Amino acid sequence: MMTIPVAILGATGYAGGELIRLIENHPYFSIGHLAAHSQAGKRVSDVLPGISGLTAGMILATSDAPLPDDVQLVFTALPHGAAAQSVKTVLDNDKKVVDLSADFRHKNLETYKSAYTIDHPYPELLTEAVFGLTEFSRADVSKTRLVANPGCYPTSTLLPLVPLLKAGVLNTDRIIVDSKSGTSGAGRSAKTDLLYCEVNEGVHAYGLPKHRHAWEMDEWAKGFSGQEISVQFVPHILPMTRGMLTTLHLSGQNPEGWHAILVETFKDELFVKILPEGMLPSTKAVNGSNRCDIGLVVTGTDTCVVVSCLDNLIKGAAGQAVQNANLMFRWEESLGLSATALWP
Ligand SMILES: NC(=O)c1ccc[n+]([C@@H]2O[C@H](COP(=O)([O-])OP(=O)(O)OC[C@H]3O[C@@H](n4cnc5c(N)ncnc54)[C@H](OP(=O)(O)O)[C@@H]3O)[C@@H](O)[C@H]2O)c1
């Protein structure tokens with residue numbers, strides 16, 4: 001079969017770099033166009049030294065350069081705000097798009113404005129965008145031309161939370177979500193609080209009182225389960241390159257039965273693994289893979305701790321984006337993706 005060329009806008013970022021790696025190993029997609037912003041005009045290998053082969057010699061276009069006619073799908077891995085304009089142009093050119101930014105994740109315009117403190121330039125597109133938490137939105141992803149790829153924190157939170165909300169077993173008035181992320185979660189651009197000396201040998205919380213992703217968790221917990229919640233979400237940065245661990249402190253009825261709910265929900269899923277009861281996941285066991293591992297420990301008659309782990313750049317970004325792209329072309333969703341992690 002001939003491959004379908006795709007474009008990656010924001011190819012020089014951490015998510016964009018992972019997209020290149022995944023697409024290079026994809027059986028039916030190939031790289032047709034790569035664009036950047038401050039690095040436009042350079043050779044890919046000058047900016048991403050890990051990339052080899054034909055892609056390494058490609059010249060990075062500007063993000064507003066015309067897309068080649070044969071490109072059918074575009075991944076936009078750009079900062080929010082900038083992504084919306086590119087997505088509009090891509091759709092006007094009759095191409096499909098998977099947007100990794102937050103620009104199309106919210107149905108409600110006011111929620112987007114509250115979370116991102118900017119006006120949305122194309123609110124009419126929010127209606128048709130499909131929030132691509134693949135395990136819960138396959139049917140819609142396979143029919144749309146615009147996927148809003150979820151954030152990494154919301155992916156690690158919603159995968160275990162939604163089935164328990166749907167089952168109606170949780171106390172919804174107090175859901176505590178405590179997350180830790182490697183520094184790649186904040187992107188590649190220079191920021192003082194991400195300098196080696198600031199991050200190394202330390203850990204800090206940030207984003208309080210309401211981190212942007214808390215809006216996304218609340219909206220899509222309701223979208224997928226019908227239950228209204230307001231999570232208390234605290235993200236932390238850890239001195240590691242990649243990986244995300246999210247701990248949910250939950251209470252409700254009969255937590256002894258919750259493990260079975262998660263097992264039943266994900267029994268046929270390749271990329272969500274429910275660990276045996278009492279076993280807890282680790283970032284080391286998922287990094288490099290498109291997997292989310294989930295463990296659960298009952299801590300009292302009505303309390304339970306659920307821990308989930310994923311690679312923020314793979315299941316939390318580029319991997320889930322490829323999983324969604326496969327569905328948009330009605331292919332097997334695991335194409336080009338590995339459920340096996342790098343080890344050690
Ligand atoms: N990192 C993660 O774990 C993660 C997880 C889920 C979702 N996301 C989302 O994915 C998107 C990309 O994240 P990232 O971590 O890869 O960011 P990043 O490392 O900072 O990369 C940003 C990319 O966008 C380009 N860019 C920067 N400003 C631009 C502008 N004004 N117009 C057009 N292009 C611009 C950069 O080009 P130059 O390098 O040439 O300047 C670079 O290629 C973000 O929306 C982020 O929220 C990231």
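(A) Expanded view of the overall build of the protein. Counting its regular elements, the protein contains 12 helices and 14 strands. The C-alpha radius of gyration of the protein comes to 19 Å, within 12% of the 20 Å expected for a compact globule of 344 residues. The principal-axis extent of the C-alpha atoms belonging to the protein is close to 60 × 45 × 40 Å. Relative to its 344 residues, the protein shows a buried fraction of 48%.

(B) Main features of the nonpolar core. Grouped together as the largest cluster of nonpolar side chains are 93 residues, with contacts concentrated most on V6, I8, L19, V74, F75, A318 and A321. In this structure, A321 is in contact with L19, F75, V98, L100 and N149, ignoring residues within four places of it in sequence.

(C) Molecular detail of the site of the ligand. The full set close to the ligand counts 30 residues, and G13, A36, H37, G187 and R188 are the nearest of them. If you list the elements that add at least two residues to the shell around the ligand, you get helix 1 (14-24) and helix 12 (314-328). At three residues, helix 1 tops the list of elements feeding residues into the shell around the ligand. Residue composition of the shell around the ligand, by class: 12 nonpolar, 17 polar and one charged.

(D) Structural view of the domain arrangement of the protein. Domain parsing of the protein yields domain 1 (4-128) and domain 2 (152-312). Look at where the C-alpha atoms of domain 1 and domain 2 centre, and you get two points 26 Å apart. Among the elements that line the side of domain 1 that touches domain 2, the one with the most residues is helix 5 (residues 109-116), at four residues. Partitioned by chemical class, the residues of the side of domain 1 that touches domain 2 number four nonpolar, four polar and one charged.

(E) Molecular detail of the packing of helix 8 (residues 152-166) against helix 12. Contact geometry for helix 8 and helix 12: axes closest at 8 Å, N-to-C directions at 95 degrees. Judged by the inter-axis angle, helix 8 sits roughly perpendicular to helix 12. Contact residues: helix 8 offers C152, T155 and S156, while helix 12 offers K315, G316, A317 and Q320. Classifying every residue of the contact of helix 8 with helix 12 gives two nonpolar, four polar and one charged.

(F) Representation of unusual backbone geometry in the model. The linkage connecting L208 with the following residue, P209, adopts the cis geometry, with an omega of 10 degrees. Relative to the elements of secondary structure, P209 occurs in the loop between strand 9 (204-205) and helix 10 (212-225). That bond from W343 to P344 is cis: its omega, 0 degrees, falls within 30 degrees of zero. Relative to the helices and strands, P344 resides in the segment after helix 12. Residues other than glycine seldom take positive phi values, yet T117 does so here, at roughly 50 degrees. Along the polypeptide, T117 turns up in the loop between helix 5 and helix 6 (124-128).

(G) Seen up close, the sheet that holds strand 13 (residues 292-298). Strands sit in the order 9-10-8-11-14-13-12 across an open sheet of seven strands; the sheet is mixed. Every interior strand has two partners, whereas the edge strands, strand 9 and strand 12 (272-274), have only one.

(H) Structural context of the packing of helix 7 (residues 134-141) against helix 12. Here helix 7 crosses helix 12 at 30 degrees, and the two axes come no closer than 9 Å. Judged by the inter-axis angle, helix 7 sits roughly parallel to helix 12. Here helix 7 runs over helix 12; the crossing is right-handed. Residues T134, R138 and V141 of helix 7 touch helix 12, and the partners they reach there are Q320, Q323, N324, L327 and M328. Taken together, the residues of the contact of helix 7 with helix 12 break down into three nonpolar, four polar and one charged.

Basis of the calculations
- Residues numbered from 1 in each chain as written.
- Predicted model: local features only at pLDDT ≥ 70, side-chain atom pairs only at ≥ 80, totals over all residues.
- Helix = DSSP H or I, 4+ residues; strand = E, 2+ residues; numbered from the N terminus.
- Rg over C-alpha atoms; globule rule 2.2 N^0.38 Å.
- Buried ≥ 20, exposed ≤ 12 C-beta atoms within 10 Å, placed from the backbone.
- Core = buried A, V, L, I, M, F, W, Y, C linked by C-beta atoms within 7 Å.
- Contact = placed C-beta atoms within 7 Å.
- Near = placed C-beta within 6 Å.
- Nonpolar A, V, L, I, M, F, W, Y, C, P; charged D, E, K, R; others polar.
- Domains from an automatic or database assignment.
- Axes fitted to C-alpha atoms, helices over the stretch in contact; angles between N-to-C directions.
- Parallel < 35°, antiparallel > 145°, perpendicular 65-115°, else oblique.
- Pairing = 2+ DSSP bridges.
- Left-handed = near helix turned anticlockwise from the far one by under 90°.

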